[in-house]
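Notes for the structure review
Read off the chains here:
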Amino acid sequence: MVVETIPLFGPIPGGMELAVILLIAVLLFGANKIPKLARSTGEAMGEFKKGRQEVETELREMQESDSTTETNDTAVEAEPEA
C-alpha cells in the first residue's frame, strides 16, 4: 500500500512564480510603499515577540510563585503543633 502525501498549501513557488508575485505587489502597492509596508510589518512582528516574551515571563513567575507557595505550605503542615 502506497501512501501519497498531499501538501497543505500546494507546491512552493519557484523563481519565476516569485518574480510574478513581486511584480503584482509592485503594481498593487507601488514601489514607494513596499519598503514602508515591510518596515511596518517588521515593527509589528517585533512588538508581537516582545509581548509574547512578557507573557512567558509572567507565566514563569506565576509557576515559580505557586511552587514556592506549595513548598512553604508543605513545610508548615509537616511541623508538629505544640
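Read on for a plain summary of the structure. (Residues numbered from 1 in each chain as written. Predicted model: local features only at pLDDT ≥ 70, side-chain atom pairs only at ≥ 80, totals over all residues. Heavy atoms only, no water.)

Over its 15 residues, helix H1 (residues 15–29) extends 21 Å from the first C-alpha to the last, a length consistent with the 21 Å expected when each residue adds 1.5 Å. Taken from the residues just after H1, Gly30 is the one with a positive phi, measuring 85°. (Helix = DSSP H or I, 4+ residues; strand = E, 2+ residues; numbered from the N terminus. Expected span 1.5 Å × (residues − 1).)

In this section: the pattern of salt bridges. Applying the stated criterion across every chain yields a total of one salt bridge. The salt bridge involving Glu56 is made with Arg52; its shortest N-O contact spans 3.7 Å. Note that Glu56 and Arg52 are positioned in helix H2 (residues 33–78) at a spacing of four residues, about one turn of the helix. (Salt bridge = Lys/Arg side-chain N within 4 Å of Asp/Glu carboxyl O.)

Attention now moves to a nonpolar patch on the surface. A cluster of nonpolar side chains, namely Met16, Val20, Ile24, Leu28, Phe29 and Leu37, defines an oily patch on the protein surface of about 620 Å² accessible area. It is H1 that contributes the most residues to the nonpolar patch, five residues altogether. By the element assignment, Val20 lies in helix H1. (Patch = residues over 30% accessible without salt bridge, like charges linked within 9 Å, V, L, I, M, F, W, Y side chains within 5 Å. Areas by Shrake-Rupley, 256 points an atom, 1.4 Å probe, with all protein chains shown as cover.)

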